[in-house]
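Structure at a glance
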Amino acid sequence: MRWSIFEKYIRTGQLTVIAANGEQRTFGCGEPHATIEFTSADCLSRLLRNPQLNLGETYMQGGWSPALDSVSMQSCWYFG
């Protein structure tokens, strides 16, 4: 997992990331808080190649899922 990418792009709030291998890390601080779980090892690289297209596609394919109590991913993660 490329953990440094999350450190670089979390601008507001806190994001907890659970990798496909079960490893978990938290980035940022404060509110809002969201959790994303990757279920596919190649999902992050696909997201980084084309986030506007692949965010929805990888979700529909089961590559990642938000925690039920998480806020919208877009409010915590900026792909700028």
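Here, the structure is the one placed above.
Report follows, based on the coordinates. (Residues numbered from 1 in each chain as written. Predicted model: local features only at pLDDT ≥ 70, side-chain atom pairs only at ≥ 80, totals over all residues. Heavy atoms only, no water.)

A closer look at unusual backbone geometry
For the record, the criterion: A run of H or I in DSSP becomes a helix once it reaches four residues, and a run of E becomes a strand once it reaches two; helices and strands are each numbered from the N terminus.
Of note, the bond from glutamate 31 into proline 32 is cis; its omega dihedral lies within 30 degrees of zero at -5 degrees. As for its position among the elements, proline 32 is in the loop between β2 (24-28) and β3 (33-38).

What about the sheet that holds β3?
Going by this rule: A pair of strands counts as paired when DSSP detects no fewer than two bridges linking them. Here, axes are lines fitted to C-alpha atoms. For helices the fit covers the stretch in contact, and angles between N-to-C directions go from 0 to 180 degrees.
A sheet is described by the order of its strands in space; here 4 strands give the open sequence β2-β1-β3-β4, paired in mixed fashion. Taken across any chain shown, the strands that pair with only one partner, and hence form the sheet edges, are β2 and β4 (64-66). Neighbour to neighbour, the strand axes of the sheet diverge by 20 degrees on average, direction disregarded. Taken together, the 5 bridges between strand β1 (residues 14-18) and β2 define a ladder with antiparallel strand orientation. The residue of β2 that forms the bridge with threonine 16 is threonine 26.

Points about the environment of threonine 26
The criterion, for reference: For the exposure calls, accessible area comes from a 1.4 Å probe over protein chains only, and a residue counts as buried if that area is under 20% of its type's maximum, exposed if over 50%, partly exposed in between. Whether two residues are in contact is decided by their heavy atoms, any of which lying within 4.5 Å being enough. Pairs of N or O atoms within 3.5 Å make up the polar contacts considered here, provided that, within protein, one atom can donate a hydrogen while the other can accept it, and that residues adjacent in sequence are counted only when both atoms are side-chain atoms.
Inspection of the secondary structure puts threonine 26 in strand β2. Assessed through its relative accessible area of 42%, threonine 26 is described here as partly exposed. The spacing of threonine 26 and leucine 15 is 11 residues in sequence and 5.7 Å in space, taken between C-alpha atoms. If sequence neighbours within four positions are ignored, threonine 26 has contacts with Gln14, Leu15 and Thr16. Polar contacts involving the side chain of threonine 26 include one to the side chain of threonine 16, which spans 3.2 Å.

Description of the packing of aromatic side chains
Threshold: When two rings of Phe, Tyr or Trp (its six-membered ring) have centres within 6.5 Å they constitute a pair, described as stacked for plane angles under 30 degrees, edge-to-face for angles over 60, and tilted for the intermediate range.
Applying the stated rule across the entire model yields 5 aromatic pairs. Between phenylalanine 6 and phenylalanine 38, the ring centres sit 6.4 Å apart and the planes meet at 50 degrees, which makes this aromatic pair tilted. Placement of phenylalanine 6 in helix α1 (residues 3-9) and of phenylalanine 38 in strand β3 is noted, with a sequence separation of 32 residues between them. The exposure class of phenylalanine 38 is buried, given its relative accessible area of 1%. In this structure an aromatic cluster arises from ring pairing among Trp3, Phe6, Phe27 and Phe38.

Quick notes on helix α3 (residues 51-60)
What counts here: Here the arc refers to the directions that run from the helix axis out to each C-beta atom.
Among all positions of α3, only Pro51, Asn54, Leu55 and Thr58 are buried. Viewed along the axis of α3, the buried residues span an arc of 115 degrees, placing them on a single side of the element. In α3, the exposed residues that point more than 90 degrees away from the buried face are Gln52 and Met60. Those residues of α3 that are buried are in contact with α2 (43-49) and β4. Glycine 62, located one to two residues past α3, shows a positive phi value of around 85 degrees.

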